[in-house]
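These are the residues of each chain, in order.
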Amino acid sequence: MNIVLVHGAWADGSCWSAVIERLQADGYNVTAPQFPMTQLSADVARLRQVLARQNGPTIVVGHSYGGQIMTALGTDAPGVVGLVYIAAFGLDQGESLGALLSQGPVTPALVHLVTDKQGFTWLSEDDFVNHFAADVDAVKARVMYAVQQALAASAFQDVMGIPAWKALPSWFLIAADDQALPPDAQRLFARRMGATTVEVPSSHVAMVSHPQDVVQLIETATHAAATA
């Protein structure tokens, strides 16, 4: 079974390191590519590029905006046998990130979001360390801040087509202490897609602070897909 890990905004592939180590030790073929974060179509194209390199069935795992990327695969996801959402966006057809986030107050992690002259958004160091990665050791959180990959502001306006979760079985890890993506929004996503759900007392970056819980859910998905 192949596992492709999709990082979200203000992160990069290294955020999966602890998860990768555990999955590789258990014998899985794991890929955690870097995504351009320039526009949703470019990110989906990168995911398709990586999926084309897999030999055999694949579980795709997305964190945060990474859930948006894998959801946008739609009904055409050759080789993909399941989706695992880690504190991730799981939009339905016709929805956008911006419209969803505008329905409530700005979350603590995004209060001081800065958009640069090229139209890319960045998190401040204080918000990253104290809210985005609130339960991560501060030294490690500052390293994560240093390697953050900015997201194009235009991505908040991209409208979802037919979501991949309508055609594929899904699993969802809800980060109950998330200060970036409200836990109630995560519960809504999971409920709508009929996902097998676990809830963990984690910040937004559960794959860093609770890697074993993340691995356990991924392996639950791989076992279910293998016996389906």
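Keep in mind that this is a model prediction, so the values were computed, not measured.

Further remarks concern the overall build of the protein chain. Secondary structure summary: the protein chain contains nine helices and nine strands in total. A burial count over the protein chain gives 53% of its 228 residues as buried. Sequence-distant contacts in the protein chain: of pairs separated by 6 or more residues, those separated by 24 or more amount to 71%. Approximately 9400 Å² of the protein chain is accessible, and the part contributed by carbon and sulfur atoms is 52%. Measuring between centres, the 11 positive side-chain charges of the protein chain sit 5 Å from its 20 negative side-chain charges.

Bringing empty space enclosed by the protein into the picture now. Enumeration over the complete set of coordinates arrives at one cavity of 30 Å³ or more. Size it by volume and the largest cavity reaches roughly 120 Å³. Every residue lining the largest cavity is counted, 14 residues in all, and those nearest its centre are Trp10, Ser64, Phe89, Leu101 and Leu110. Taken together, the residues of the lining of the largest cavity sort by class into twelve nonpolar, two polar and no charged.

Attention now moves to the layout of surface pockets. Its boundaries defined by the atoms lining it, the largest pocket holds a volume of some 310 Å³. Forming the boundary of the largest pocket are 15 residues, of which Leu101, Gly104, Pro105, Val106 and Thr107 lie nearest the centre. At the level of elements, helix 4 (97-101) and helix 7 (183-193) are the ones that each hand at least two residues to the lining of the largest pocket. For the lining of the largest pocket, the element with the most residues is helix 7, which contributes three residues.

Basis of the calculations
- Residues numbered from 1 in each chain as written.
- Predicted model: local features only at pLDDT ≥ 70, side-chain atom pairs only at ≥ 80, totals over all residues.
- Heavy atoms only, no water.
- Helix = DSSP H or I, 4+ residues; strand = E, 2+ residues; numbered from the N terminus.
- Buried < 20%, exposed > 50% of the residue type's maximum accessible area, 1.4 Å probe, protein only.
- Contact = heavy atoms within 4.5 Å.
- Areas by Shrake-Rupley, 256 points an atom, 1.4 Å probe, with all protein chains shown as cover.
- Lys, Arg positive; Asp, Glu negative; His and termini not counted.
- Charge placed at Lys NZ, Arg CZ, Asp CG, Glu CD.
- 1 Å grid on protein atoms, 1.4 Å probe; cavity = no way out; pocket = protein on both sides within 12 Å on 5 of 7 lines; lining within 4 Å.
- Points joined across faces, edges and corners; volume = space filled by probe spheres on them.
- Nonpolar A, V, L, I, M, F, W, Y, C, P; charged D, E, K, R; others polar.

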